[in-house]
Amino acid sequence: MLTHRCNRFIVLLTGMRHYTTEQLLAVMNERRYPPLLRVAALRWLIHWAPLEVTKGAPYLQRRRYVRQHYHV
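Residues numbered from 1 in each chain as written. Predicted model: local features only at pLDDT ≥ 70, side-chain atom pairs only at ≥ 80, totals over all residues. Heavy atoms only, no water.

1. Notes on the packing of aromatic side chains
To be explicit about the condition: Centres within 6.5 Å make a pair out of two Phe, Tyr or Trp rings, where for Trp the six-membered ring is used; the pair is then stacked when the planes are under 30 degrees apart, edge-to-face when over 60, and tilted otherwise. For helices the rule is a DSSP run of H or I covering at least 4 residues; for strands it is a run of E covering at least 2, with both sets numbered from the N terminus onward. Residue burial is assigned from relative accessible area. The probe radius is 1.4 Å, only protein chains are included, and a residue is buried under 20% of its type maximum, exposed over 50%, and partly exposed in between. Placement of a positive charge over a ring is assigned whenever Lys NZ or Arg CZ falls within 6 Å of the ring centre and within 35 degrees of the normal to the ring plane.
Scanning the entire structure with this criterion turns up one aromatic pair. Centre to centre, the rings of Trp44 and Trp48 are 5.9 Å apart; their planes meet at 15°, and the pair counts as stacked. Note that Trp44 and Trp48 are positioned in helix 3 (residues 35–48) at a spacing of four residues, about one turn of the helix. A residue is classified by how much of its surface remains accessible, and Trp44, at 16% relative accessible area, is buried. Positioned over the ring face of Tyr65 is Lys55, at 4.4 Å from the centre of the ring.

In C-alpha coordinates, the structure reads:
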(Lines give C-alpha, C1' and ligand atoms only; values in the text may rest on other atoms or scores of the structure.)
Protein backbone atom coordinates (compact mmCIF):
# COMPACT_ATOMS: atom_id res chain seq x y z
CA MET A 1 0.00 0.00 0.00
CA LEU A 2 1.35 3.40 -0.98
CA THR A 3 1.51 6.18 1.53
CA HIS A 4 0.11 9.57 0.60
CA ARG A 5 3.65 10.98 0.22
CA CYS A 6 4.77 8.16 -2.10
CA ASN A 7 1.62 8.53 -4.17
CA ARG A 8 2.18 12.30 -4.52
CA PHE A 9 5.80 11.67 -5.50
CA ILE A 10 4.77 9.25 -8.24
CA VAL A 11 2.18 11.70 -9.53
CA LEU A 12 4.79 14.48 -9.60
CA LEU A 13 7.29 12.25 -11.39
CA THR A 14 4.83 11.27 -14.10
CA GLY A 15 3.67 14.84 -14.51
CA MET A 16 7.22 16.10 -15.08
CA ARG A 17 8.27 13.54 -17.67
CA HIS A 18 7.86 15.99 -20.55
CA TYR A 19 9.72 18.89 -18.90
CA THR A 20 12.83 20.14 -20.65
CA THR A 21 16.17 20.35 -18.86
CA GLU A 22 15.76 24.11 -18.57
CA GLN A 23 12.35 23.72 -16.93
CA LEU A 24 13.69 21.11 -14.51
CA LEU A 25 16.58 23.38 -13.58
CA ALA A 26 14.16 26.25 -12.99
CA VAL A 27 12.16 24.06 -10.58
CA MET A 28 15.34 22.95 -8.82
CA ASN A 29 16.60 26.51 -8.34
CA GLU A 30 13.31 28.00 -7.12
CA ARG A 31 12.98 27.65 -3.34
CA ARG A 32 9.27 28.47 -3.41
CA TYR A 33 8.45 25.01 -4.79
CA PRO A 34 7.85 22.21 -2.28
CA PRO A 35 10.81 19.90 -1.58
CA LEU A 36 9.00 16.88 -3.03
CA LEU A 37 8.60 18.66 -6.36
CA ARG A 38 12.28 19.62 -6.40
CA VAL A 39 13.25 16.00 -5.63
CA ALA A 40 11.11 14.81 -8.55
CA ALA A 41 12.83 17.36 -10.81
CA LEU A 42 16.24 16.16 -9.66
CA ARG A 43 15.33 12.56 -10.45
CA TRP A 44 14.41 13.55 -14.01
CA LEU A 45 17.61 15.57 -14.35
CA ILE A 46 19.58 12.50 -13.31
CA HIS A 47 17.63 10.36 -15.76
CA TRP A 48 18.08 12.73 -18.72
CA ALA A 49 21.71 13.71 -18.00
CA PRO A 50 24.16 12.77 -20.75
CA LEU A 51 26.54 9.88 -20.24
CA GLU A 52 29.47 12.31 -20.27
CA VAL A 53 28.08 13.78 -17.04
CA THR A 54 26.98 10.59 -15.28
CA LYS A 55 29.91 8.44 -16.48
CA GLY A 56 27.80 5.29 -16.06
CA ALA A 57 28.11 5.50 -12.28
CA PRO A 58 25.64 4.05 -9.74
CA TYR A 59 22.62 6.22 -8.86
CA LEU A 60 24.02 8.07 -5.83
CA GLN A 61 27.24 8.97 -7.62
CA ARG A 62 25.28 10.01 -10.74
CA ARG A 63 23.22 12.27 -8.49
CA ARG A 64 26.41 13.94 -7.20
CA TYR A 65 27.75 14.37 -10.74
CA VAL A 66 24.49 15.90 -11.96
CA ARG A 67 24.27 18.31 -9.03
CA GLN A 68 27.87 19.41 -9.65
CA HIS A 69 27.35 19.74 -13.40
CA TYR A 70 24.16 21.81 -13.15
CA HIS A 71 25.20 23.66 -9.97
CA VAL A 72 22.07 22.73 -8.01
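Next comes the rest of the account.
2. Some thoughts on the pattern of salt bridges
This is how the line gets drawn: For this document, the term salt bridge refers to a Lys or Arg side-chain nitrogen within 4 Å of an Asp or Glu carboxyl oxygen.
In total, this model carries one salt bridge according to the counting rule given. Where Arg32 meets Glu30, a salt bridge forms, and the shortest distance between an N and an O atom there is 3.7 Å. The exposure class of Arg32 is exposed, given its relative accessible area of 64%.

3. Examining the environment of Val27
How we decide: The contact criterion used is simple: two residues touch if any of their non-hydrogen atoms lie within 4.5 Å.
Following the sequence through the fold, Val27 ends up in helix 2 (residues 21–29). Placed 14 residues apart in sequence, Val27 and Ala41 show a C-alpha to C-alpha distance of 6.7 Å. Excluding its chain neighbours within four sequence positions, the residues that come into contact with Val27 are Met16, Tyr19, Tyr33, Leu37, Arg38 and Ala41.

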